[in-house]
Amino acid sequence: RVVLMEEVLEFVLPKKQQLTVAKGQNHVQLLLDARGEVLFFQQRDSGWYPSLRLAHRYPEFMPTWQVDEGAIPHVLDGSNIFCAGLVNEQAKMDVELEPGQPVVVMAYGKDHACCVGLVKKTRDEIR
């Protein structure tokens, strides 16, 4: 079942819930709920992106691409995802996304997302 973004947002951000914006180093802002849990983050003037924990909780919240198994340690160390990690038989890019759109990146053989990212090239440019 695909969860509509509006349904998830209503549950995650109830209308009367107190939210806090925390500012961090390197122009990062965090949107926290009343319990202090990070829901969304923003860097500089970019859009707001869901935290990895929120992506784990609601995997259908955003479009998803899958990288191969070899990309996992590099992504967890903070590296960008290279085209090679998206073009082999373990990778999947089922959803067509335009540059600038957010995407949740899953890893082959894993249940949880390894990162939330920003698309830099279209699926056709990557292939």
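My aim in this report is to walk through the structure given alongside it, one point at a time. (Residues numbered from 1 in each chain as written. Predicted model: local features only at pLDDT ≥ 70, side-chain atom pairs only at ≥ 80, totals over all residues. Heavy atoms only, no water.)

**What about the layout of surface pockets?**
The gaps left among the atoms become clear once a water-sized probe is rolled over them.
Then, number 1: The space that makes up the largest pocket amounts to roughly 920 Å³.
Then, number 2: In terms of lining residues, the largest pocket is bounded by 30 residues, among which Asn 80, Ile 81, Val 116, Gly 117 and Leu 118 are the most central.
Then, number 3: Listing elements by their share of the lining of the largest pocket, those giving two or more residues are β2 (28-32), β3 (38-43), α3 (72-76), β6 (102-107) and β7 (113-118).
Then, number 4: Of the residues forming the lining of the largest pocket, the biggest block, five residues, is contributed by β7. (1 Å grid on protein atoms, 1.4 Å probe; cavity = no way out; pocket = protein on both sides within 12 Å on 5 of 7 lines; lining within 4 Å. Points joined across faces, edges and corners; volume = space filled by probe spheres on them. Helix = DSSP H or I, 4+ residues; strand = E, 2+ residues; numbered from the N terminus.)

**A closer look at the pattern of salt bridges**
Then, number 1: This structure, assessed with the given rule, holds four salt bridges.
Then, number 2: Between Arg 35 and Glu 37 there is a salt bridge, with the nearest N and O atoms lying 3.3 Å from each other.
Then, number 3: Residue Arg 35 is classed as exposed on the basis of its relative accessible area of 64%.
Then, number 4: Residues Arg 123 and Glu 96 are paired through a salt bridge, measuring 3.0 Å at the closest nitrogen-oxygen approach. (Salt bridge = Lys/Arg side-chain N within 4 Å of Asp/Glu carboxyl O. Buried < 20%, exposed > 50% of the residue type's maximum accessible area, 1.4 Å probe, protein only.)

**A short note on the sheet that holds strand β5 (residues 64-67)**
Then, number 1: Judged by pairing direction, the sheet is mixed, and its three strands sit side by side in the order β5-β6-β7 without closing on themselves. Looking at which strands have only one partner, the edges of the open sheet turn out to be β5 and β7. The sheet shows a mean angle of 30° between the axes of neighbouring strands, direction not considered.
Then, number 2: Across four bridges, β5 lies against β6 in parallel orientation. The residue bridging Trp 65 from the neighbouring strand is Val 105, located in β6. (Pairing = 2+ DSSP bridges. Axes fitted to C-alpha atoms, helices over the stretch in contact; angles between N-to-C directions.)

**Regarding the side chain of Asp 33**
Then, number 1: Among the structural elements, Asp 33 can be located in the loop between β2 and β3.
Then, number 2: Within polar-contact distance, the side chain of Asp 33 engages the backbone nitrogen of Arg 35 at 3.0 Å.
Then, number 3: Excluding residues that lie within four positions of it along the chain, Asp 33 makes contacts with Gln 17, Gln 18, Leu 19 and Leu 39. (Polar contact = N/O pair within 3.5 Å; in protein donor to acceptor, adjacent residues only side chain to side chain. Contact = heavy atoms within 4.5 Å.)

Keep in mind that these numbers describe shape and distance, not what the molecule does.
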